Number of protein chains: 2
Amino acid sequence: VARDDAGELRALCLERHEADIADLVEQLEPDERPKFIQLLGEDFDYAVLTEVEDTIREQILEALPSAAVAEGVRDLESDDAVYILEDLEEDEQQEILAQIPDFERALLKRSLDYPEDSAGRRMQTDLIAVPPFWNVGRTIDYMRDSDDLPDEFYEIIVVDPSFKPIGKVALNTLLRTKRPVLIETIMDAPVHTVRADLDQEEAAHLFERYNLVSAAVVDDHERLVGVLMFDDIVDVIQEEAEEDIRGLAGVGDEEISDTFLYTARSRFTWLLLNLVTAVLASLVIGMFDATLQQMVALAILMPIVASMGGNAGTQTMTVAVRALASRELGGYNIRRFVTREMLVGIVNGFLFAIIIGFVASVWFTNIQLGAVIATAMIVNMFCAGLFGIAIPVGLDKIGVDPAIASTVFLTTVTDVVGFFAFLGLATILLM
Amino acid sequence: VARDDAGELRALCLERHEADIADLVEQLEPDERPKFIQLLGEDFDYAVLTEVEDTIREQILEALPSAAVAEGVRDLESDDAVYILEDLEEDEQQEILAQIPDFERALLKRSLDYPEDSAGRRMQTDLIAVPPFWNVGRTIDYMRDSDDLPDEFYEIIVVDPSFKPIGKVALNTLLRTKRPVLIETIMDAPVHTVRADLDQEEAAHLFERYNLVSAAVVDDHERLVGVLMFDDIVDVIQEEAEEDIRGLAGVGDEEISDTFLYTARSRFTWLLLNLVTAVLASLVIGMFDATLQQMVALAILMPIVASMGGNAGTQTMTVAVRALASRELGGYNIRRFVTREMLVGIVNGFLFAIIIGFVASVWFTNIQLGAVIATAMIVNMFCAGLFGIAIPVGLDKIGVDPAIASTVFLTTVTDVVGFFAFLGLATILLM
């Protein structure tokens, strides 16, 4: 497509949505991508770059001249511009910012000064704010005359003289109201505001909970500085759930376009941690080498106890991690939840104890062996339930993301308890 | 709170958002909940019920008289009404519908006739549609005069005489345009439509991809039947990611308010499947009982190989499952992805082979044993990478949700290959 230069590319892109063009860009070879953008020149909409994967975006931005990027970024809504700039190296970012006119640069810089993943980074600084004493007609005229409006907005914000948001008016209300009516009589009074330094996840919870389409962002002095829009929040919600899934499986922030070396390195740490866990479990087994020597059946059966504990614990842990993330699990219901999980552990522990006890007794024609594995199963599944909650809740309390660290701790517990209970009981009762 | 009757409850709820009242309802004892709603009577906003957990909602609806529910549901937006009614038993649903006036009932029934989790179930049937030859002024007057409008809307849909959507106009565009301008000159022409029987997940992808605030829903004849709003879609996106996390861990559609017996039963099947897997792995170990008898070190080390394979495989599988769910992994990049994962498996396989080979050699002062475990590690981590993709992609191809079934298959493979490779090599080389 992009091999031989053409204005036909322009025709191709003109009618397409930025997400579709982004797909096109991703399918090109790495060195064709910046070429593609330069071929399009001014007709390239930099909003496309917000839709490509992070690593691809960084490669493209590094390859493009900073003047072109500065020009492209200027035309964007401020939230898209920040999204593109925030992951760049400090000096590249400065170089691009230097080529943007003062006023716009100041706004972008203010957004970039807020912490990473904060509402301030995601907000749009183009917005419409009116005083409460304006009437509907004046507001509409103001919107007709002003040409510096955002492309899309669904609500206007009502502010007091110190620029504090005091209410908001949905556009449909505005449309349905006669011109002479005062804004203050139609505004929704308690407006949901978000502090600019608030974590974007917290902001997302607010949107989800109250079904917001946009929310006013305020600074430390409660003054309006921007607006968060639902579409940015949709991405945050998506990312957040994604982070939990990845965290639980020990895959970091990787993308399917990453190279194999990068991927291998990023997964190495997690596997190394798991190796330590596995060796720990082997040390426990090693304590009972004399017992194993005498009865090889124990070696054959022991992974069953550990594996069932691991799976039961993972079920509990997953529910706990998600409930913590979505703020469903808190002070008032935590006791109920802990009791339930322990009961679940005991009930399923007993059921599987009966099953495996029977299987083992028949397999090795040894009823005592069946009794030992059954008892070990109950112990391990009870511990799995207990630690399946205790670990994520504990990590959450000390401020560590439970999704990222819980799995390793849990496997350690279920392996160690599983092998120890089974082989320990066997040593006492069967030897 | 709700023990002694009072109009003070009314005052409490009047100013609060439905999500906050829902929290309140959830914190009450089960038998207090319907009482609370009946105390509030007409002041209870049934939209609150869309915000409580599924099981709690069902309990409440069963306890309330159907006339009260019918009355409450009538006042809701159609999507909320459907959401409340869809999970009820057939006969209860009929009983409630029978008490709703004809026209509204017909609309609700049409929505309920669409398949579960389809766009038709989530759509709102109150909407604003205008012909292209109206001008802005007439459209605004129409909106001012009509009192059957939805509470919230952000776009109006432009339809042709057969009621097919041909474009849409954002409210802000409408506000900024002079009254005599024709709608057809300001409308956005290619409108994203969603078929009513489309799965809600597919609809969510469309919203996400194109940052839509709403989308027109059409029937088999491309005629407009409703509108999907972004807030319903936010819930779908959330649910979908949630489903994947839960599927991978083997927890079904449970909620933290479920009873322990219900929870234990719903997790039992998954654990039973895992038991079968674990027994299968034990059978493999059992093939080598003579070898184990002679060398107890093998029993001590063997869980390491299986566990590392399991973890490496889970990493690959998780990335694959999410990439499939978000449509990032498709025809054109699947080969690249498979190659990458196999290379990752080989690279990390070699690294961990060196580490564990060294550890085992020193621990048991047996270099051959180190060599055996190192080789088994490479084999198992390579297989883990291979099957970590093959399983989810294969399941996806045959139409099974990869999130739900992949884990069991993968563990079976990594356990069987791990034990077989390690003990098999040991039997050949060390005996």
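Residues numbered from 1 in each chain as written. Chains lettered and ligands numbered in written order. Predicted model: local features only at pLDDT ≥ 70, side-chain atom pairs only at ≥ 80, totals over all residues. Heavy atoms only, no water.

## Overview of the overall build of chain A
A count of helical and extended segments in chain A gives 20 helices and 6 strands. Since a compact globule built from 431 residues should have a radius of gyration of about 22 Å, the 29 Å found for chain A marks it as more spread out than a globular shape. With 431 residues in all, chain A has 56% of them scored as buried. Look at the contacts in chain A between residues 6 or more apart in sequence, and 66% of them connect residues 24 or more apart. Summed over its atoms, the accessible surface of chain A is roughly 18,200 Å², and 55% of this surface lies on carbon and sulfur atoms. Each charge sign in chain A was given a centre, from 31 positive and 73 negative side chains, and these centres are 7 Å apart. (Helix = DSSP H or I, 4+ residues; strand = E, 2+ residues; numbered from the N terminus. Rg over C-alpha atoms; globule rule 2.2 N^0.38 Å. Buried < 20%, exposed > 50% of the residue type's maximum accessible area, 1.4 Å probe, protein only. Contact = heavy atoms within 4.5 Å. Areas by Shrake-Rupley, 256 points an atom, 1.4 Å probe, with all protein chains shown as cover. Lys, Arg positive; Asp, Glu negative; His and termini not counted. Charge placed at Lys NZ, Arg CZ, Asp CG, Glu CD.)

## Some thoughts on the pairing of strand β6 (residues 224-229) of chain B
Regular strands place their side chains on alternate faces of the sheet. All names here are of chain B. β6 sits mainly inside the fold: 6 of its 6 residues count as buried. Direction of pairing for strand β5 (residues 214-218) relative to β6: antiparallel, over a ladder of 5 bridges. Within β6, the residue paired with V218 across the bridge is L224. The antiparallel hairpin formed by β5 and β6 contains 5 residues in its connecting segment, where E222 sits at a positive phi of about 65°. (Pairing = 2+ DSSP bridges.)

## Examining the packing of helix α17 (residues 296-325) of chain A against helix α15 (residues 260-286) of chain B
At a minimum axis separation of 9 Å, α17(A) and α15(B) run at an interaxial angle of 155°. In terms of orientation, α17(A) lies roughly antiparallel with respect to α15(B). Here α17(A) runs over α15(B); the crossing is right-handed. Touching A299(A), I300(A), L301(A), P303(A), I304(A), S307(A), M308(A), N311(A), A312(A), Q315(A), T316(A) and V319(A) of α17(A) are R267(B), W270(B), L271(B), N274(B), L275(B), A278(B), V279(B), S282(B), I285(B) and G286(B), all from α15(B). For the contact of α17(A) with α15(B), the class distribution of residues is 14 nonpolar, 7 polar and 1 charged. (Axes fitted to C-alpha atoms, helices over the stretch in contact; angles between N-to-C directions. Parallel < 35°, antiparallel > 145°, perpendicular 65-115°, else oblique. Left-handed = near helix turned anticlockwise from the far one by under 90°. Nonpolar A, V, L, I, M, F, W, Y, C, P; charged D, E, K, R; others polar.)

## Points about the side chain of T316(B)
Relative to the elements of secondary structure, T316(B) occurs in helix α17 (residues 296-325). A relative accessible area of 2% means that T316(B) is categorised as buried. Side chain to side chain, T316(B) and E341(B) meet in a polar contact 2.8 Å long. Leave out the neighbours within four places in its chain, and T316(B) touches R267(A), E341(B), G385(B), G388(B) and I389(B). (Polar contact = N/O pair within 3.5 Å; in protein donor to acceptor, adjacent residues only side chain to side chain.)

## Here's the deal with the pattern of salt bridges
Scanning the entire structure with this criterion turns up 32 salt bridges over all chains. A salt bridge links D23(A) to R209(B); its shortest N-O distance comes to 2.9 Å. Of the two residues, D23(A) sits in helix α2 (residues 18-27) while R209(B) sits in helix α13 (residues 200-210), which places them in two different chains. According to the relative accessible area criterion, D23(A) is partly exposed, its value standing at 28%. (Salt bridge = Lys/Arg side-chain N within 4 Å of Asp/Glu carboxyl O.)

## Quick word on the environment of V217(A)
Residue and element names in this part refer to chain A. On the secondary structure map, V217 appears in strand β5 (residues 214-218). Residue classification places V217 among the buried residues on the basis of a relative accessible area of 0%. Taking the C-alpha atoms as reference points, V217 and A203, separated by 14 residues in sequence, lie 9.9 Å from one another. When sequence neighbours within four positions are dropped, the list of residues in contact with V217 reads M123, V194, R195, A196, R223, L224, V225, G226, V227 and L228.

## As for the relation of the copies chain A and chain B
Mapping chain A onto chain B leaves a residual RMSD of 0.0 Å; the transformation is a rotation of 180° accompanied by 0.0 Å of translation along its axis. Those values place the two copies in the arrangement expected of a two-fold rotation axis. Taken as a fraction of all interface residues of chain A, those also at the interface in chain B reach 100%, which identifies the copy contact as same-surface. (Least-squares fit on C-alpha atoms with pLDDT ≥ 70 in both.)

## A few points about the interface of chain A and chain B
With 105 residues of chain A at the interface, the matching set in chain B holds 105 residues. Here chain A packs against chain B, burying approximately 9,900 Å² in sum over the two surfaces, 64% of which is carbon and sulfur. In terms of surface lost to chain B, no three residues of chain A exceed L175(A), I256(A) and Q315(A), which account for 8% of the buried area on that side. Where chain A meets chain B, there are 6 salt bridges. Between chain A and chain B we count 26 residue pairs in polar contact (both at pLDDT 80 or more) in total. Considering each element in turn, the side of chain A that touches chain B owes the most residues, 18 residues, to α17(A). (Buried area = accessible area lost by both parts, 1.4 Å probe.)

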